[in-house]
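Descriptive structure summary
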Amino acid sequence: MTNSIPEIENHDVIFVIGSNTTETHPIIGLKMKKAVKRGAELIVADPRKIDLVRFSTLWLQHRPGTDVALLNSIMHVILKKDLIDKKFIDSRTEGFESFKESLSEYTPEQGERITGVPKETIIKAALLYGNAVRPGIYYTMGITQHSHGTENVYSIANLALMTGNLGRECTGVNPLRGQNNVQGATDMGCVPDFYPGYQKVNIPGIKEKFEMAWLPWGASLSSNTGLTATEMSGAAMNGSIKAMYIMGENPVLSDPDMKHTINALKKLDFLIVQDIFLTETAELADVILPAACFAEKDGTFTNTERRVQRVRKAVEPPGEAKEDSYIIIELAKRLGYEMKYNVIEDVLQEARKLWPALAGIDYGRISKAGLQWPCPTLDHPGTPYLFKGGFPRGKASFTKVEYRPSEELPDAKYPFLLSTGRQLFQYHTGSMTRKIDAINKVSPFAYIEINPEDADRLGIDDGDLINVSSRRGSVKIKVMISERPLKGTVFIPFHFKEAPANILTSRKLDPISKIPELKVCAVKIEPIKLK
Amino acid sequence: MVTLKIDGRKVTVRKLSTILDAARKLDIPIPTLCHHPELSPYGGCRLCLVEIEGIAKPAASCTTFAKEGMIVNTSSPYLEKLRRTNLELILSDHPNECMLCERSGDCKLQELAYFYGLRENRFKGEIRVYSKKDNNPFVTRDMEKCILCGQCVRICDEIQGVGAIDFAYRGLNTRVSPPFEKDLNCEFCGQCVAVCPTGALTGKMWAHKGRQNFKEVETICPYCGCGCNITLYVRRNEIIRISSNEETINEGWLCAKGRFGYGFVNSPERLTKPLIRIAPKENSIFNVKQTNPPLPPFTKVGRGGINNAALFKEVTWEEAFQYVSKRLKEIKENYGPDAIGGLASARCTNEENYLFQKFMRVVIGTNNVDHCARY
Ligand code: SF4
Ligand code: SF4
Ligand code: SF4
Ligand code: FES
């Protein structure tokens, strides 16, 4: 997020696109509701009639995967009505003139044709956002999990830049990070191309800096580009990856195209899974290492607004389960590398030394309340919103983005468009929430949301068991007739292993971010005939 | 801004502040049962009465706006008598059940009765009987203990935006209820439970887990990226309840997962010992087909631990570490470090993730490290 959670209630316009906020980020959803109560106008762009729609001034029900066309036509109107921020464009951005041209064909009429949103609504949304004083844009996987996810994100950036709506309090662009510490895992360098702190592994000087810190006796770090998670399963399949070490993840259920994932993991010579439960992924392991959960260890999590917060040990882990840090340190020792830390805070101390944005944060300072990075010195108050004084790389550039359809659209054979996602009560692959009786009572089984008209046409009823198939596989699942999905589209939450949505999904990747296209794939639906 | 005088002390507050807000600013205690700073004023319990100079009758401080030059008195024998009477009326149909009540020791009503020394009741009257039991899995609704303060109704409507409950019926029959007295069926955020001043609303999973001798541990919710601050109540190495206080970024609000989703910690299905696969694996590493048991359907995991002893055997940590390091060494020697990949976790701490990527980059020697940011 470029803004912070407490700023949400002071927006005057909130534009939520591709985020079912009240279910995936319930407390941020509450803040949005509070803002609406205080007079903010809420624009929701989502193919599903999500709960947030009840609180909205405008709902743009665009077809899944048409976000670029929607955003471009909104920008077309903003440009035409001259609601752009010329001063901001001149002083802080570049490439506007040529970008401007690229919008010309995205008239509201064209927008309506591609997205299905009435042109009047597109114009209204443009006027609302374009005239706003403190608007915030919010998005999650509904924007990124597409084969053109990066282009979607560029489009959002273009919209904020052309209206100068970035780098002020209560004004900005806010991707909401899904899991509790997905921000922190990225910050800490658990991505192939960055060392901790977004320091690129292939920029000269940076590798040397980390070599000095980690290998002071003169050995060197790898200069090869690493693989992303999605690429790793491909590499396991073709045999170039032989072993994997998986800590606290369950790719069998969370990754697209489950059969592929299973086959890839099965092909490995050696698989280590370190987790708190015997997950579906752990069942494929050669070694399973029992880990401690959040309540059994000390450390920090970083939330979606970059706030580093203190996690505290409350109970002892069960049996012989151990903290992940202990396991990693012991393994390193046996492989000939000493990781010397007296207490877990020493690890954060080391990260602080290597990443200036974190230098001002230690356990003492965050004992009561967390601090938001960048926080470069011990007397720095943290940074609630980003880009106040300018952009790190000088001027921000506009990126021309053309609409291109999703990779796998419905056709005669697979006539429905499937999106996957989360629901309120379960979490991710359910390895935690599905162990809780009360939660299982309100959310006992997998379901597929289907529009009443489609259900009528197929002659299926609420609660019926149906077969859903894609080119990759099929699952049996219960029907939930609901006004939420658009006609012709269906939705399955991916938490349930009995009917794993990811048997159906496709591995088409966004070429830049390597995000799989989990929000769009083609499926067919067949009622199961009772014998 | 307006300036007024409370109990002889001057205070300046913003326009549209109530007398109660002003008194709280001066840290003057006024008893309340239906007031909540984030909710619309209600004025139902009449405990927050104060005297205002020039106004004949005492006024509810939670609904009366502070005015310039006002002179307010928050305590006098007369006010205390009124408050005491009002409290007695509230208690007149309250079951005397503190002994068994989950909120005993943490109940505003009990605390006020204690301060006012109330045990016997002059108005002892008909006790409301609600035989209806609500079978929802999260919230125990013990409506006999409800004092109709309306905080749950307001929070559900004004903060949560759900409106799952409302007042029903009139007079002595008034009660808070979901539509048609059905079982509660809502988002189960537990916001109503958090604000209820009595034992009328409690967490179902709190029952008989203990009301004393627990420690409170401040930490962060393990689920989504909001990063809500939570307080764990721990008794005998078990989390028995979760709450959140109002001074947090989440203002004390949580969702069903954060508030009620802690049972997994103590699940009998937790892994407790290192396991090594014993099911035979093909010798040839190039054999595609038969490596692991077929999936899905997945191996059954039963209560009380895993019952797939046919697949794995329990080993000591020492054995596990030796086995893992031996295999990793071999693979690194035979195929190079880039034949090994690591997936870290968006659910682990910063420190653990830092160590994990350091392990992959330094100890293994590869940049093949990622986590599930993309799903
Ligand atoms: S649990 Fe939440 S949604 Fe349900 S009644 Fe209480 S406040 Fe309303
Ligand atoms: S249930 Fe609790 S919060 Fe709701 S009206 Fe009764 S006493 Fe007040
Ligand atoms: S309580 Fe709910 S909203 Fe808050 S961090 Fe946990 S899962 Fe997210
Ligand atoms: S707190 Fe003022 S009437 Fe209840």
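None of these values were measured; they are calculated from a predicted model. Numbers given to residues run from 1 along each chain, matching the order in which its sequence is written. Chain letters and ligand numbers both follow the written order, the letters beginning at A and the numbers at 1. Whole-chain, interface and lining totals are the exception, using all residues; otherwise, since this is a predicted model, local features are given only for residues with pLDDT of at least 70 and side-chain atom pairs are given and counted only at 80 or more. Values shown for side chains rest on all heavy atoms present in the structure; no hydrogens or waters enter the calculation.

1. With respect to the domain arrangement of chain B
Residue and element names in this part refer to chain B. Definition in use: In this entry, domain limits derive from an automatic or database-based domain assignment. It only takes one pair of heavy atoms within 4.5 Å for two residues to be counted as in contact. Values labelled buried area give the accessible surface lost by two parts on being combined, using a 1.4 Å probe and summing over both. One speaks of a salt bridge when a side-chain nitrogen belonging to Lys or Arg is within 4 Å of a carboxyl oxygen belonging to Asp or Glu. Within 3.5 Å is the distance limit for a polar contact, defined as a pair of N or O atoms, with the added protein rule that one can donate a hydrogen and the other accept it, and that residues adjacent in sequence qualify only through two side-chain atoms. Classes in brief: Ala, Val, Leu, Ile, Met, Phe, Trp, Tyr, Cys and Pro nonpolar; Asp, Glu, Lys and Arg charged; the others, Gly included, polar.
Along its sequence, chain B is organised into domain 1 (2–91), domain 2 (108–206), domain 3 (215–260), domain 4 (271–315) and domain 5 (327–375). Spacing between the C-alpha centres of domain 1 and domain 2 amounts to 25 Å. Taken together, the contact pairs 21 residues of domain 1 with 23 residues of domain 2. With both sides pooled, the region where domain 1 packs onto domain 2 buries about 2,000 Å², and carbon together with sulfur makes up 60% of that total. It is Leu 33, Leu 39 and Glu 88 that lose the most area in domain 1 upon contact with domain 2, and together they represent 32% of the buried surface on that side. Our count for the contact surface shared by domain 1 and domain 2 stands at 0 salt bridges. Taken together, the connections running from domain 1 to domain 2 amount to 7 residue pairs in polar contact (both at pLDDT 80 or more). Considering only residue class, the side of domain 1 that touches domain 2 consists of 11 nonpolar, 5 polar and 5 charged.

2. Considering the nonpolar core
Under the convention used in this document: We call a set of buried Ala, Val, Leu, Ile, Met, Phe, Trp, Tyr and Cys residues a nonpolar core when their side-chain atoms join them within 4.5 Å. With a 1.4 Å probe rolled over the protein chains alone, any residue whose accessible area is under 20% of its type maximum counts as buried; one over 50% counts as exposed, and the rest are partly exposed.
One finds Leu 232 and Phe 264 of chain B to be the most contacted residues of the largest nonpolar core, which totals 80 residues. Contact partners of Leu 232 of chain B, with chain neighbours within four places excluded, come to Ala 295 and Ala 314 of chain A together with Lys 215, Glu 216, Val 217, Thr 219, Ile 239, Arg 241 and Ile 242 of chain B.

3. Section: the domain arrangement of chain A
Buried accessible area, meaning the area lost when the parts come together, often serves as the stated size of an interface. Residues and elements named next belong to chain A. In plain terms, the rule: Strands are runs of DSSP state E lasting at least 2 residues, helices are runs of H or I lasting at least 4, and numbering of each runs from the N terminus.
The domains assigned to chain A are domain 1 (5–176) and domain 2 (416–527). Distance from the C-alpha centre of domain 1 to the C-alpha centre of domain 2: 27 Å. Listed by partner, the interface residues are 24 residues for domain 1 and 23 residues for domain 2. Both sides of the domain 1 and domain 2 interface together cover about 1,900 Å² of buried area, and 54% of this is carbon and sulfur. Taken as a group, Glu 23, Arg 48 and Gln 145 account for 34% of the area that domain 1 buries against domain 2, more than any other trio of residues on that side. Where domain 1 meets domain 2, there are 2 salt bridges. In this structure, the salt-bridge partner of Glu 23 is Arg 484, at a minimum N-O distance of 2.8 Å. For the pair domain 1 and domain 2, the interface holds 9 residue pairs in polar contact (both at pLDDT 80 or more). Within the residue set of the side of domain 1 that touches domain 2, elements represented by two or more residues are α1 (21–24), α8 (141–144) and α9 (149–162). Here the residues of the side of domain 1 that touches domain 2 sort into 5 nonpolar, 14 polar and 5 charged.

4. Remarks on the sheet that holds strand β3 (residues 49–52) of chain B
Residues and elements named next belong to chain B. The criterion, for reference: Strand pairing is defined by DSSP finding a minimum of two bridges between the two strands. Axes, fitted as lines to C-alpha atoms, cover a helix only where it is in contact. Angles between the N-to-C directions of the axes lie from 0 to 180 degrees.
An order of β2-β1-β5-β3-β4 is seen for the 5 strands of this open sheet, with the pairing classed as mixed. Taken across any chain shown, the strands that pair with only one partner, and hence form the sheet edges, are β2 (9–13) and β4 (59–60). Where β3 and strand β5 (residues 71–73) come together, 2 bridges link them in antiparallel fashion. Across the sheet, residue Ile 52 finds its bridge partner in β5, namely Val 72. Running at roughly 150° to β3, helix α2 (residues 77–91) makes contact with β3 and β5 of the sheet.

5. Notes on unusual backbone geometry
For the bond from Trp 373 of chain A to Pro 374 of chain A, the omega torsion is -5°, close enough to zero to count as cis. Looking at the element boundaries, Pro 374 of chain A is found in the loop between β14 (371–372) and β15 (396–397). Despite not being glycine, Arg 236 of chain B has its phi angle at roughly 50°, a positive value. One can find Arg 236 of chain B in the loop between β11 (229–235) and β12 (238–243). Since its relative accessible area comes to 74%, Arg 236 of chain B is described here as exposed. The phi dihedral of Asn 237 of chain B is positive, around 60°, even though this residue is not glycine.

6. Observations regarding the pattern of salt bridges
Residue and element names in this part refer to chain A. The full count for this structure, using the stated rule, is 45 salt bridges over all chains. Among the ionic pairs, Glu 330 bridges to Arg 334, the shortest N-O distance being 2.8 Å. One end of the pair is Glu 330 and the other is Arg 334, both in helix α15 (residues 324–334) and 4 residues apart, which spans about a single turn. For Glu 330, a relative accessible area of 13% puts it in the buried group.

7. What to know about the packing of aromatic side chains
Using the following cut-off: Aromatic pairs are defined between Phe, Tyr and Trp rings, using the six-membered ring for Trp, whenever the two ring centres lie within 6.5 Å; interplanar angles under 30 degrees are classed as stacked, those over 60 as edge-to-face, and all others as tilted.
Applying the stated criterion across every chain, the model contains 27 aromatic pairs over all chains. Plain terms: the ring middles of Phe 425 of chain A and Phe 138 of chain B are 6.4 Å apart, the flat faces sit at 15° to each other, and that makes the pair stacked. Of this pair, Phe 425 of chain A sits in the loop between β16 (416–421) and α17 (437–442) while Phe 138 of chain B sits in the loop between α3 (108–115) and β6 (139–141), which puts the two residues in different chains. By relative accessible area, Phe 138 of chain B is classed as buried at 0%. Between Phe 214 of chain B and Tyr 233 of chain B, the aromatic rings sit 5.1 Å apart at their centres with planes inclined by 55°, giving tilted as the arrangement. Of this pair, Phe 214 of chain B sits in the loop between β9 (201–203) and β10 (215–220) while Tyr 233 of chain B sits in strand β11; the two residues are 19 residues apart in sequence, bridging distant segments of the chain. Note on Phe 214 of chain B: relative accessible area 29%, which makes it partly exposed. Relative accessible area serves as the criterion here: at 14%, Tyr 233 of chain B is assigned to the buried category.

8. Some remarks on the sheet that holds strand β18 (residues 465–469) of chain A
All names here are of chain A. Taken in spatial order, the 6 strands line up as β16-β20-β17-β19-β18-β21 and close into a barrel, and their pairing is mixed. Adjacent strand axes in the sheet meet at a mean angle of 45° when their direction is disregarded. The sheet contact formed by β16 and strand β21 (residues 521–527) spans 3 bridges and is antiparallel. Bridge pairing in β21 places Leu 417 opposite Ala 522.

9. Some details on the packing of α2 of chain B against α3 of chain B
Residue and element names in this part refer to chain B. Put simply, the rule reads: In what follows, roughly perpendicular refers to angles from 65 to 115 degrees, roughly parallel to angles under 35, roughly antiparallel to angles over 145, and oblique to any angle outside these ranges. Note on convention: the crossing is left-handed when the near helix lies turned anticlockwise from the far helix by less than a right angle, right-handed when the turn is clockwise.
At a closest axis distance of 11 Å, the pairing of α2 and α3 adopts a crossing angle of 130°. Accordingly, the angle class assigned to the pair α2 and α3 is oblique. Crossing of α2 against α3: the hand is left-handed. Together, Leu 87, Ile 90 and Leu 91 of α2 and Leu 109, Leu 112 and Ala 113 of α3 make up the contact between the two elements. Partitioned by chemical class, the residues of the contact of α2 with α3 number 6 nonpolar, no polar and no charged.

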